[in-house]
Amino acid sequence: LEISGTGTKEINETNVYITGDINIRENSTFSCNDPVMFSGLNITNLGKFYHYGNLFTFTGDTTHNIYMGSDNQFYGFAVDNADTVIVNGNGINVYNGLFTLGTNSKLDMGAFTHKIASTQIDKTATSVWITENSNFVFNRGGNQSLPEMQCKDIQISTSGTKTLKG
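Counting from 1, residues in each chain are numbered in the order their sequence is written. Local features in this predicted model are restricted to residues whose pLDDT is 70 or higher, and side-chain atom pairs enter the listing and the counts only when it is 80 or higher, whereas totals over whole chains, interfaces and linings include all residues. Where side-chain values are given, they derive from all heavy atoms of the structure, hydrogens and water being excluded.

Trainee: Tell me what's going on with the overall build of the protein, and back it up with residues and numbers.
Mentor: Regarding its fold elements, the protein presents zero helices and 23 strands. Just to be clear, the radius of gyration here is over C-alpha atoms, and the globule rule we use is 2.2 Å times residues to the power 0.38. Over its C-alpha trace the protein gives a radius of gyration of 15 Å, about what one expects of a compact globule, namely 15 Å for 166 residues. The Shrake-Rupley method, run with a 1.4 Å probe, gives the accessible areas here. Residue values count only the displayed protein chains as cover. Of the roughly 7700 Å² of accessible surface on the protein, a fraction of 44% belongs to carbon and sulfur atoms. Charged residues are defined narrowly, with Lys and Arg counted positive, Asp and Glu counted negative, and His plus the chain ends left uncounted. Charge placement uses NZ in Lys and CZ in Arg. For Asp and Glu, CG and CD serve respectively. In the protein, which carries 10 positive and 15 negative side-chain charges, the distance between the mean positions of the two groups comes to 8 Å. Secondary structure elements are defined from DSSP: runs of H or I of at least 4 residues count as helices, runs of E of at least 2 residues count as strands, and each element is numbered from the N terminus.

This is the structure in structure tokens:
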């Protein structure tokens, strides 16, 4: 999926299946409100990425490299069973929906600052969440339930109770 040129390119479908790479060029905006199943290898965002409703799921039993650029927004974020996602370039922003790591999945957050406003982060016993070099801002305007984790810095902002399990 190649997004280029000025203006917003929006996908409006009941379900969106992307099997190739996503490339968002400078000065371009990708927008989607629908559930996305991404089985491609790479996402490169040099413009703006707005997923403002439903769940964006990484799937396909493969390794996905994502470079989200500085202007990105996921409504919900999921790594499906046996998939690996490696975050490169910038942190990810999940602004409301679910944040889920499936069975035997792996999410490497890299050495970036991530903003997570999900109500809770669901992680299975067999999933791996690599956070040791990451910074997090938990900024939900309400309660958040957070899994046991090791990271550099945590910033708590907005109202609500943040509960760290472990």
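Now that the structure has been shown, we can carry on.
Trainee: Break down the nonpolar core for me, citing the residues and quoting the values.
Mentor: Among buried residues, those of type Ala, Val, Leu, Ile, Met, Phe, Trp, Tyr and Cys that are joined through side-chain atoms within 4.5 Å constitute a nonpolar core. Residue burial is assigned from relative accessible area. The probe radius is 1.4 Å, only protein chains are included, and a residue is buried under 20% of its type maximum, exposed over 50%, and partly exposed in between. Within the largest apolar cluster, 33 residues are counted, with the highest numbers of intra-cluster contacts made by Phe56, Ile66, Phe77, Ile92, Phe99, Leu107 and Trp129. Those residues in contact with Trp129 that sit more than four places away from it in its chain are Phe99, Leu101, Leu107, Met109, Ile121, Lys123, Phe136, Pro147 and Met149. We call two residues in contact whenever any of their non-hydrogen atoms come within 4.5 Å of each other.

Trainee: Any chance you could break down the sheet that holds strand β19 (residues 128-130) for me, citing the residues and the numbers?
Mentor: Between any two strands, at least two bridges found by DSSP are needed for them to pair. One open sheet accounts for seven strands, arranged β1-β4-β7-β10-β13-β16-β19; its pairing is parallel. Each edge of the open sheet is held by one strand with a lone partner, namely β1 (2-3) and β19. Pairing of strand β7 (residues 42-45) with strand β10 (residues 63-67), which is carried by three bridges, proceeds in the parallel orientation. Along β10, the bridge assignment pairs Thr44 with Tyr67.

Trainee: I'd like a rundown of the environment of Ser134, residues and numbers included.
Mentor: The topology assignment puts Ser134 in the loop between β19 and β20 (135-138). Placed 20 residues apart in sequence, Ser134 and His114 show a C-alpha to C-alpha distance of 7.5 Å. Leaving out residues up to four positions away in the same chain, Ser134 has contacts with Met109, Gly110, Phe112, His114, Cys151, Lys152 and Asp153.

Trainee: Before we move on, can you summarise the packing of aromatic side chains with the specific residues and values?
Mentor: Pairing of aromatic rings covers Phe, Tyr and the six-membered ring of Trp, with a centre-to-centre limit of 6.5 Å; geometry is then stacked below 30 degrees between planes, edge-to-face above 60, and tilted otherwise. Here the structure, examined in full by the defined rule, presents 14 aromatic pairs. With centroids separated by 5.7 Å and ring planes inclined at 25 degrees, the aromatic side chains of Phe30 and Phe49 adopt a geometry described as stacked. Taken together, the positions of Phe30 in strand β5 (residues 29-32) and Phe49 in strand β8 (residues 48-51) put the pair 19 residues apart, joining distant regions of the chain. When the centroid spacing of 5.3 Å and the interplanar angle of 25 degrees are considered together, the rings of Phe77 and Phe99 count as stacked. Remark: Phe99 occurs in strand β15 (residues 99-101) and Phe77 occurs in strand β12 (residues 77-79); sequence separation between them is 22 residues. Each of the two residues, Phe77 as well as Phe99, counts as buried.

Trainee: Describe in detail the pairing of β7, supporting the description with residues and values.
Mentor: Burial of the side chains of β7 is restricted to one face: Ile43 and Asn45 are buried, whereas none of Asn42 and Thr44 on the reverse face is. Pairing of strand β4 (residues 22-24) with β7, which is carried by three bridges, proceeds in the parallel orientation. What sits directly across from Ile22, in β7, is Ile43.

Trainee: Summarise the sheet that holds strand β6 (residues 36-38); cite the residues concerned and give the values.
Mentor: The strand order across the open sheet formed by six strands is β3-β6-β9-β12-β15-β18, and the pairing between neighbours is parallel. Every interior strand has two partners, whereas the edge strands, β3 (16-18) and β18 (121-123), have only one. Averaged over all adjacent pairs, the angle separating strand axes in this sheet is 10 degrees, with direction ignored. Note that β3 and β6 share three bridges and pair parallel. Counterpart to Tyr17 in the pairing with β6 is Met37. Note on geometry: axes are lines fitted to C-alpha atoms, helical ones only across the stretch in contact, with angles between N-to-C directions running from 0 to 180 degrees.

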